[in-house]
Amino acid sequence: MRRMITATVQNQSGVLQRITSVLTKRQFNIESISVGHAHTQELSKVTIVVEVEDHRKVEQLIKQLHKQIDILKVIDITELALVARELALVKVAATPQMRSEVTVLIQPFRASIIDVSSETITIEVTGNHEKVEALLELLRPYGITDIARTGLTAMTRGTQRTVHSFVSSSII
Amino acid sequence: MKASFVAEKERKKTTTMSGAEMLMEALEAQQVDVIFGYPGGAVLPIYDALYKRNLQHILTRHEQGAIHAAQGYARVTGKAGVVIATSGPGATNLVTGIADAMIDSLPLVIFTGQVATSVIGTDAFQEADIVGITMPITKHNVQVQKPEDLPRMIAEAFHIAQTGRPGPVVIDIPKDVSTALGDYESHPPVSLPGYEPTVRPNVLQVKRLMEAVTNAKRPVILAGAGVLVAKGEEALRNFAEQYHIPVANTLLGLGTFPYNHDLFLGMAGMHGTYAANMALYDCDLLIGIGARFDDRLTGNLNHFASKATIAHIDIDPAEIGKIIEPTIPIVGCAKQTLQTMLALETERGETQEWVATLANYKEHYPLWYDTSEEVLKPQQLLQLVHEETKGEAVVTTDVGQHQMWSAQYYGFTKPNRWVTSGGLGTMGFGFPAAIGAKMGKPDLPVVAIVGDGGFQMTLQELSVLQERQLAVIVIIVNNQSLGMVRQWQQIFYEERYSQSLLPVQPDFVKLAEAYNIPAATVSTPQEVRTHVAKALHSKGPYLLDCRVASDENVYPMIAPGQGIHQMLGVKK
Ligand SMILES: Cc1ncc(C[n+]2csc(CCOP(=O)(O)OP(=O)(O)O)c2C)c(N)n1
Ligand SMILES: [Mg+2]
């Protein structure tokens, strides 16, 4: 199962290495990881997407991460009401003749063309994982020559619908 | 206003000092009574600051010796062992000990020198990224960027190392940080928002556990080193006696419960006793306290306590559910949890029949070995050492057969006298660990039980014994082989003894004599008695090369993949 985990960490050098070190040591497969400053300069927010076998494995991962002194908070937000976004830049081999076709195609995705050359156009798209995947599928037949993705970053919504079974580090 | 400003300035002026001086101040503030270390380029300023101080420093002859000594010190005192090593090779020589301390939860504070900040990242002379290297094997590690940060980082390091589940903390100090001047703060605020160990157990879970205790007919306690860390031996004993529940130990948990107690089953696991292993197999309630269900203990998990309600008490939440999903999870300090359990004064379960069954196992399936008139048996050697030291010694070991025989036959009545490398299984650990143990407990006899193989990995520390005249008795269990490897090759590889026999050996007695350490070769029970008594009496170092049977195996034994009830060699 795919789990989305956010960690609030002290913005110290090496903290990302600490996280990947825990993941490697405990044999977890990282699908994506994204890092950036949190609301204050001293903190960073890390969003990790991992593929795990079962709930026990996620719980183990959360606990192991939480043991790190520089990691303040770890939450599995997969089942919470949340907003999750990823940004992708896609370079497509599109001749000038095909450009309008692509422009129409990407419109429903609210994607935009941010660079044009004689042989290629570069498209920027933001959205959840599924949306980005869907657009990539549609663009593939035109010939994608390069992709850069940020990986998912996420945040829980201000209002939660119900109280979900909420796997956090502070069990029991 | 003006006056206080001046006073403030005055205070600061008087406390301006170099990073190296700050390190010394901070170590004194922590009441460190001994440092184990080895100098080198990157720590020259630190050693220069040390030169002017009254701090005791043990110069081992290899950094691995320093860190194992610090581990031995930590194990017997419960205080953090302190280590200093230089950058690059000095620091990398510590890696084995750091990993060992991590997996066996020993508190250490380790200072490594580093090249100057201006050249970090340039592959400078003796540069190694020790923070990166030790990240997965430390409880925490940091590199100091400016001297002012040192006092706080050191205070935090001691706090982290010694609280919760203890572990090693590395502080990497670039050379220019050691020499740079800064303002020393004697009582730096420790602020670790990401670190708050849960000490007090959840009372609801404890109540559930006590209900299970009342209902259990076949309960057993598995006590590990977490009980020692928490100083919970007395609470454990009170609880076991009060509720009439038998106790088995992990390898590292030996000493939490007296070996000669009626309720004691012995060590469990790969070379555990029949009674302990069968109890873990057959129980209906397993109470694991400060133990992490290591694979050498559990054997095949499908057979481990498979009929039992499992309660797991540990201060490290990550241990709970890591190997076994308990029915009753309790995060908390072992001692406080046991005290909370006792305070609930629940009804006893009906355990008489079970205790009688296990007593019967103890009587009919005890540890055994064939005695011999011709050759000294290693098991007998350990029994004799127990007798001569009245079971009062601090015993350290290497890794291998002699380690298992020590665990099986020495018999501990008191806590914190058993020092062994359990999780990592580090050969060469025992001898330097004994040096540290002696520094920590100078009034107790200290015996290093080492293999003829393992001793040769760290024997250069004989220099320390000579120099300090430390009363450590080195007992080489000389079976002229890498015995544990030989045993596996005999049993699982059709006696193909690939690289495991050591027929050619140094003359260990002459070797000791080269260091001016009294030594003897012994090969009979009487000689063992005589020389151990003499060694104890001498109050100085002593080495015994004990020639024991070379083809003896450790039994019982659970073969890899087998269940805890599937022991080989239970009976002759
Ligand atoms: C550093 C290290 N290298 C290798 C091993 C693997 N190993 C485990 S026990 C053993 C044999 C130890 O021989 P010895 O020290 O003579 O002890 P004995 O088993 O004979 O009592 C070996 C090689 C180890 N545990 N540690
Ligand atoms: Mg040997």
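Remember, predicted model here, so these are calculated numbers, not experimental data.

Enquirer: Give me the lowdown on the side chain of Asn416(B), citing residues and values where you can.
Expert: Residues and elements named next belong to chain B. Within the secondary structure, Asn416 sits in the loop between α18 (401-409) and β16 (418-419). In terms of polar contacts, Asn416 uses its side chain to reach the side chain of Arg75, at 3.2 Å. If near-sequence neighbours (up to four positions away) are discounted, Asn416 is found in contact with Arg75, Val76 and Leu228.

Enquirer: Outline the pairing of strand β6 (residues 112-116) of chain A, listing residues and values.
Expert: Residues and elements named next belong to chain A. Where β6 and strand β7 (residues 120-127) come together, four bridges link them in antiparallel fashion. Residue Asp115 lies in a different strand from β7, and its bridge partner there is Thr122. Adjacent in sequence and paired antiparallel, β6 and β7 are bridged by three residues.

Enquirer: If you had to explain unusual backbone geometry to someone new, which residues and values would you point to?
Expert: Residues and elements named next belong to chain B. With an omega of -5°, the peptide bond between Tyr555 and Pro556 qualifies as cis. Of note, Pro556 is situated in the loop between β20 (542-547) and β21 (557-558). Phi at Gln31 takes a positive value of approximately 55°, unusual for a residue other than glycine. Checked against the element boundaries, Gln31 lands in the loop between α2 (19-29) and β2 (35-37). For Lys231, which is not a glycine, the phi torsion comes out positive at approximately 55°.

Enquirer: A description of the domain arrangement of chain B should follow, citing residues and the corresponding values.
Expert: All names here are of chain B. Partitioning chain B into domains gives domain 1 (14-185), domain 2 (203-364) and domain 3 (378-554). With centres defined by C-alpha atoms, the gap from domain 1 to domain 2 works out at 37 Å. Contact residues are listed per partner, giving six residues for domain 1 and seven residues for domain 2. The contact between domain 1 and domain 2 buries some 630 Å² in all, and 56% of this surface belongs to carbon and sulfur atoms. Ranking the residues of domain 1 by area buried against domain 2 places Arg75, Asp104 and Arg165 at the top, with a combined share of 65%.

Enquirer: Can you break down the coordination of the magnesium ion (ligand 2) residue by residue, with the values?
Expert: Residues and elements named next belong to chain B. For the magnesium ion (ligand 2), every protein donor is listed as Asp452 (OD), Asn479 (OD1) and Ser481 (O), and the spread of their distances is 2.0 to 2.1 Å. Of note, the magnesium ion (ligand 2) draws all its donor residues from one chain, in the sequence arrangement D-x26-N-x1-S. Placement of the pair is Asp452 in the loop between β17 (446-451) and α20 (455-458) and Asn479 in the loop between β18 (472-478) and α22 (483-492), with a sequence separation of 27 residues. Both residues of the pair, Asp452 and Asn479, belong to the buried class.

Enquirer: So what about the sheet that holds strand β4 (residues 81-85) of chain B? Which residues, and what values?
Expert: All names here are of chain B. Taken together, the six strands give an open sheet; going across it, the order is β3-β2-β4-β5-β7-β6, and neighbouring strands pair in parallel fashion. In this open sheet, the two edge strands, each paired with only one partner strand, are β3 (57-59) and β6 (140-143). Pairs of neighbouring strands in the sheet enclose a mean axial angle of 20°, with direction left out of account. The sheet contact formed by β2 and β3 spans three bridges and is parallel. Of the residues in β3, the one forming a bridge with Gly37 is Leu59.

Enquirer: Break down the UniProt feature "domain: ACT" (unreviewed entry) in chain A for me, citing the residues and quoting the values.
Expert: UniProt records the feature "domain: ACT" (unreviewed entry) for residues 4-79 of chain A in the present numbering. The span residues 4-79 of chain A shows a helical share of 32% and a strand share of 41%, and its end C-alpha atoms are spaced 9 Å apart.

Enquirer: Provide a residue-level description of the sheet that holds β16(B), including the pertinent values.
Expert: Hydrogen bonds along the backbone pair up the strands of a sheet, which may run parallel or antiparallel. Residue and element names in this part refer to chain B. Read across the sheet, six strands follow the order β16-β15-β17-β18-β20-β19 without closing on themselves; strand pairing throughout is parallel. Each having just a single partner strand, β16 and β19 (519-522) make up the two edges of the open sheet. Relative to β16, strand β15 (residues 394-397) is paired through two bridges, and the arrangement is parallel. From the neighbouring strand, Val395 faces β16, where its bridge partner is Trp418. Of the strands in this sheet, β15, β16, β17 and β18 are in contact with helix α19 (residues 430-440), which crosses β17 at around 170°.

Rules used in this analysis
- Residues numbered from 1 in each chain as written.
- Chains lettered and ligands numbered in written order.
- Predicted model: local features only at pLDDT ≥ 70, side-chain atom pairs only at ≥ 80, totals over all residues.
- Heavy atoms only, no water.
- Helix = DSSP H or I, 4+ residues; strand = E, 2+ residues; numbered from the N terminus.
- Polar contact = N/O pair within 3.5 Å; in protein donor to acceptor, adjacent residues only side chain to side chain.
- Contact = heavy atoms within 4.5 Å.
- Pairing = 2+ DSSP bridges.
- Domains from an automatic or database assignment.
- Buried area = accessible area lost by both parts, 1.4 Å probe.
- Donors = N, O, S within 2.8 Å, 3.2 Å for Na, K, Ca; no water.
- Buried < 20%, exposed > 50% of the residue type's maximum accessible area, 1.4 Å probe, protein only.
- Axes fitted to C-alpha atoms, helices over the stretch in contact; angles between N-to-C directions.
- UniProt positions renumbered as here; feature names shortened; annotations may be inferred.

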